[in-house]
Amino acid sequence: MKRLSVRARLLLALGLLALATLIVGVTGWIALDRAKARLEALHDGTLAEVDTALTLSRQASGLATLAPYLLTLDSSFRIAQEGAAATVLVDSIVVGLPKDSPIQPVMADTRRAIADLVRATSLWAGLRDRTLRLNAELARSERRFAAFAASPSASLTERQEWFVLQRLAAALLGAGRAENLIGVGEYQREVHLLIRPGMAPANVGADDLAQLLALARGPQGLFELRRQELSRRIGAAAALVRIRQGSAAVIDHSAAVTAEAQARIAAERARTLTAISVAKSTILFVGFLGATVALIAALYVSGYVTANLHAISDAMMRLATGDRSSRLPRGDGAGDEIGKLFDAFRMFRANTLRLDRSSRRVAQRNALFEKTLAGIRDGVAVLSETGAIVARNDRLAEVIRVDPALLAGRPVLSELLAGAGWQATSGPGGFASLIRADGHHAEYRESLLPDGGSVVLISDATERQQLDDRLRQIQRIEALGKVVGEVAHDFGNILSTISGNLHMMETAPQSRQASLRQSVTSALDLGTSLTQRLLSFARRQRLEPERVELNTLVEGMTDLIGFALSEDIALQIHTTGTPLWVRIDPGQMESAILNLCLNAGQAIQGPGEISVSVHAEAGQILLDVADTGAGMSPEVLAHAMEPFFTRRSDGTGTGLGLAMVYGFIRQSGGDVRITSTEGRGTRVRLSLPRDEPPEQAGRALWRRVLVLEDDPRDLESTLALLQPLTGRLDARTTAGAGLAMIEAGDIDLLVTDLSLHGVIDGWRLAEAALARCPEIRVAIVSGRLPDINPLGDRFGDRLVTLPKPLNLDDLCAAFPAAPQATRRPDAC
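Residues numbered from 1 in each chain as written. Predicted model: local features only at pLDDT ≥ 70, side-chain atom pairs only at ≥ 80, totals over all residues. Heavy atoms only, no water.

1. Considerations on the sheet that holds strand β12 (residues 671-677)
Ordered in space as β8-β10-β11-β13-β12, the five strands form an open sheet in which the pairing is mixed. Two strands in the sheet have a free side with no partner beyond their single neighbour: β8 (569-574) and β12. Looking at each pair of strands side by side, their axes are set apart by 15° on average, direction ignored. Here strand β10 (residues 608-617) runs beside strand β11 (residues 620-627); their pairing, made up of eight bridges, is antiparallel. Bridging from a neighbouring strand, Val614 pairs with Leu623 of β11. Each of β8, β10, β11 and β13 (681-689) touches helix α15 (residues 586-603); the most contacted strand, β11, lies at about 25° to it. (Pairing = 2+ DSSP bridges. Helix = DSSP H or I, 4+ residues; strand = E, 2+ residues; numbered from the N terminus. Axes fitted to C-alpha atoms, helices over the stretch in contact; angles between N-to-C directions. Contact = heavy atoms within 4.5 Å.)

2. Brief notes about the pattern of salt bridges
Per the counting criterion, the structure on display carries 20 salt bridges. Between Arg683 and Asp624 there is a salt bridge, and its shortest N-O distance comes to 3.3 Å. Of this pair, Arg683 sits in strand β13 while Asp624 sits in strand β11; the two residues are 59 residues apart in sequence, bridging distant segments of the chain. Residue class for Asp624 comes out buried when judged on its relative accessible area of 2%. The partner of Asp746 in a salt bridge is Arg704, and the shortest N-O contact between them spans 3.5 Å. (Salt bridge = Lys/Arg side-chain N within 4 Å of Asp/Glu carboxyl O. Buried < 20%, exposed > 50% of the residue type's maximum accessible area, 1.4 Å probe, protein only.)

3. Notes on α15
Between its terminal C-alpha atoms α15 stretches 26 Å, which fits the 26 Å expected from 18 residues at 1.5 Å a residue. Taken across its 18 residues, α15 has 15 buried, putting it largely inside the fold. (Expected span 1.5 Å × (residues − 1).)

4. Some remarks on helix α18 (residues 712-722)
All of the buried residues along α18 are Leu715, Thr718, Leu721 and Leu722. Buried positions in α18, seen along its axis, are confined to an arc of 130° and lie on one side of it. Facing away from the buried side of α18 by more than 90 degrees, the exposed set consists of Pro712, Arg713, Glu716 and Ala720. Considering only its buried residues, α18 is in contact with β9 (581-584), β14 (702-708), β15 (726-732), β16 (749-753) and α22 (808-814). Residue Asp711 occupies the N-cap position of α18, its side-chain oxygen lying 3.0 Å from the main-chain nitrogen of Asp714. (Arc of directions from axis to C-beta. Polar contact = N/O pair within 3.5 Å; in protein donor to acceptor, adjacent residues only side chain to side chain.)

5. Focus on the sheet that holds β15
Taken together, the five strands give an open sheet; going across it, the order is β15-β14-β16-β17-β18, and neighbouring strands pair in parallel fashion. Only two strands of the sheet have a single partner each, and these edge strands are β15 and β18 (799-803). Within the sheet, the average angular offset between the axes of one strand and its neighbour, ignoring direction, is 20°. As paired strands, β14 and β16 are joined by four bridges and run parallel to one another. Within β16, the residue paired with Leu706 across the bridge is Leu750. Running over the sheet, helix α19 (residues 735-744) touches β14, β15 and β16 and is turned about 155° from β14.

6. Brief notes about the packing of aromatic side chains
Counting across every chain of the model gives zero aromatic pairs. Directly above the aromatic system of Trp422 lies the positively charged group of Arg436, at a separation of 5.5 Å from the ring centroid. A cation sits over an aromatic face here: Arg547 above Trp581, 4.4 Å from the ring centre. (Phe/Tyr/Trp six-rings, centres within 6.5 Å; stacked < 30°, edge-to-face > 60°. Lys NZ or Arg CZ within 6 Å of the ring centre and 35° of its normal.)

7. Digging into the confidence of the model for the chain
For any part of a model where pLDDT is low, the fine detail of the predicted coordinates should not be relied upon. Counting all residues, the mean pLDDT for the chain is 77, and 82% of those residues have values of 70 or more. Across residues 535-543, where pLDDT falls below 50, the model places 19 contacts with residues more than four positions away in sequence or in other chains. (pLDDT = per-residue confidence, 0-100.)

8. What about the packing of helix α3 (residues 103-149) against helix α4 (residues 156-177)?
Direction vectors running N to C along α3 and α4 enclose 160°, while the axes themselves pass 8 Å from each other. Overall, the two elements α3 and α4 adopt an arrangement that is roughly antiparallel. The interaxial crossing formed by α3 with α4 has left-handed handedness. On α4, the residues touching Thr131, Asn135, Leu138, Ala139, Glu142, Phe145, Ala146, Phe148 and Ala149 of α3 are Arg159, Trp162, Phe163, Leu165, Gln166, Ala169, Ala170, Leu172, Leu173, Gly176 and Arg177. (Parallel < 35°, antiparallel > 145°, perpendicular 65-115°, else oblique. Left-handed = near helix turned anticlockwise from the far one by under 90°.)

9. Details of the pairing of strand β17 (residues 777-782)
By the criterion of burial, β17 is predominantly enclosed, with six of the six residues buried. Side-chain alternation along β17 places Arg777, Ala779 and Val781 on one buried face and Val778, Ile780 and Ser782 on a second face that is also buried. You can see the chain leave β16, run along helix α20 (residues 762-772) and come back into β17, and the turn it takes is right-handed. Note that β17 and β18 share five bridges and pair parallel. Residue pairing for β18: Ala779 is matched across the bridge by Val800. (Right-handed = clockwise from strand over helix to strand, strands pointing away.)

See below:
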């Protein structure tokens with residue numbers, strides 16, 4: 001006979017229990033149905049009222065708690081914000097009250113009280129700030145008077161008069177610190193007594209006495225200011241009392257509603273208990289009968305199920321503690337759920353063994369990863385979404401040149417770099433160049449992670465930068481040597497012409513003297529022009545980038561390039577009639593063009609042509625140098641721009657020309673592309689970003705601009721950029737000096753570095769300027785801008801963040817409607 005499954009046995013027992021339960025359910029249905037009807041009526045009516053009352057009570061308690069908080073705030077913005085929150089809370093209370101509720105007028109008065117409290121607190125905060133500043137000034141005066149009064153070099157009369165001034169300053173300071181109007185009045189009476197005739201100083205401190213009286217008297221004086229401040233505080237306290245009264249009225253109303261509901265609930269509970277008691281007796285008997293049947297079924301099932309479950313749980317515990325030899329016998333419970341559990345245990349054990357093997361492999365890989373990370377010569381850091389360092393290798397501190405102790409915890413990498421003096425220049429694809437004032441260079445590469453963080457690789461590029469500078473110098477010397485060698489023949493021809501004509505002038509008749517002299521003059525002019533071009537080229541050293549018109553630069557090199565090429569090579573120069581402006585080092589650009597032309601000339605055997613063309617395309621300026629020479633194979637082209645790579649068989653090439661051209665163009669923000677076909681020639685294309693002057697050039701966009709920058713080179717370039725468009729341009733290098741200029745007012749535009757001397761002061765300075773005058777615009781510049789602008793929500797498009805170096809087009813685009821230069825100085 002086939003064994004019943006555990007499920008079938010349990011279903012049989014449950015069927016018997018269901019029969020008993022059905023009897024119990026039918027018996028108690030009538031009573032429970034009536035109880036249900038009563039409970040639903042109770043829930044729909046009374047409990048809903050209680051819930052509404054409790055909600056109103058919580059809201060009133062929240063209002064009573066929020067209102068005193070307004071008195072502790074100093075910021076007008078925060079006071080207004082919390083006041084708006086309290087008003088919203090009152091409105092929600094009003095919505096929960098019936099329209100004919102007697103609490104409605106009380107809530108209307110409470111709403112007005114909140115408005116009065118916000119207004120009084122805001123005025124009180126402003127007056128309190130002014131009082132604190134006067135107190136600080138009076139405290140300094142009191143200490144100074146005390147020092148004079150204690151001076152042994154002063155006469156007794158002078159010391160007494162200085163003491164009177166000290167008492168007068170102390171009385172004013174006491175009035176500034178008094179907590180009530182009575183105290184202020186007492187100190188005012190003391191001041192009047194001190195300055196009455198016969199008491200006021202007559203020999204010393206006349207100016208100080210006048211200054212103290214000016215601080216004390218008048219509508220803006222200390223006493224009037226303190227009376228206004230304490231009056232506003234009293235008004236705020238009165239409004240707070242009204243708010244608390246409104247909250248108390250709502251709480252009392254809620255308590256009354258709750259008490260009434262409790263009475264109804266108690267009456268309904270008594271009726272329901274009576275009905276339930278009748279049904280309990282019947283249910284008790286039938287329930288006892290069902291329990292007996294259930295107990296018999298449970299004893300039958302547990303004898304089989306429990307023993308097997310105990311065996312399975314023991315085996316699972318041994319397996320969990322690491323005993324991989326734990327096993328269960330086969331055959332027990334075959335065909336039912338117990339047998340399936342046995343099979344599941346065996347599969348789980350097999351999976352555990354496989355997981356152990358996988359864990360060992362993962363541990364080996366983690367060890368390999370840690371060894372690899374420790375062996376990397378560059379600094380590696382894993383950053384969180386906020387830029388904090390989550391993980392790093394030991395080389396990071398050495399590469400960025402900071403104390404390893406600063407990397408403890410989870411510091412922000414950008415703050416560490418700024419504190420170490422690194423200046424960043426952003427590049428494409430998460431790449432940036434870092435430089436310190438001591439000449440150290442580093443390369444910063446950042447790759448985003450799927451969870452929002454990133455991996456940063458920082459490489460020490462100091463030695464490579466020094467090598468690049470050396471290679472650039474060698475390349476320039478090589479180019480100059482090529483030019484000298486190529487033009488030596490031209491100088492020989494010039495000297496031969498001069499020598500020959502001078503010999504002929506000795507024997508030539510008078511009629512030919514003029515033509516011979518003209519030949520000598522022409523040769524001298526040609527030699528002079530060539531010499532000037534060579535000297536101009538040779539004098540050029542490494543210059544700062546400047547704004548250059550590329551057409552003019554290329555046309556000015558025509559003679560020099562022509563002299564450097566052989567007579568069989570034709571030179572074609574193609575420029576445009578439209579000015580094409582770029583920001584480059586002109587000396588390096590001339591060297592690059594000359595180097596490309598000389599390389600092209602070396603590639604031409606016999607007659608040929610070199611074409612130099614300049615044109616604009618999609619916001620880029622393109623300079624092409626094309627030749628009809630031998631061209632390059634794909635294998636040679638793949639290595640053409642590598643340093644020290646050369647294919648010249650005569651041994652004259654150093655392999656630095658194209659590498660240096662590529663480095664210079666990339667540093668100038670451009671790119672180099674080479675296309676070549678063997679037997680047909682080569683084309684080298686230099687692309688540079690266009691540097692057009694802004695449309696507003698020729699007139700002042702801003703009447704007065706303040707620039708805050710601690711880096712001298714960045715400050716110089718920013719001033720040169722803004723000078724043509726500014727009526728008056730001021731510069732400061734510290735946050736304190738900049739804040740003083742802002743407080744003095746009368747500026748239209750503030751351009752500030754985010755970090756000044758290693759401290760993130762840009763946000764604080766921007767907030768001070770923008771809060772002072774609604775017409776001021778602020779631009780915060782940085783080599784590494786943060787992802788979040790903390791002031792963006794408050795000031796909107798009046799504040800922008802721009803990358804370094806500052807670009808005039810970006811600045812003009814950010815502020816298209818710049819304040820007019822004719823704005824009155826007193827507009828703020």
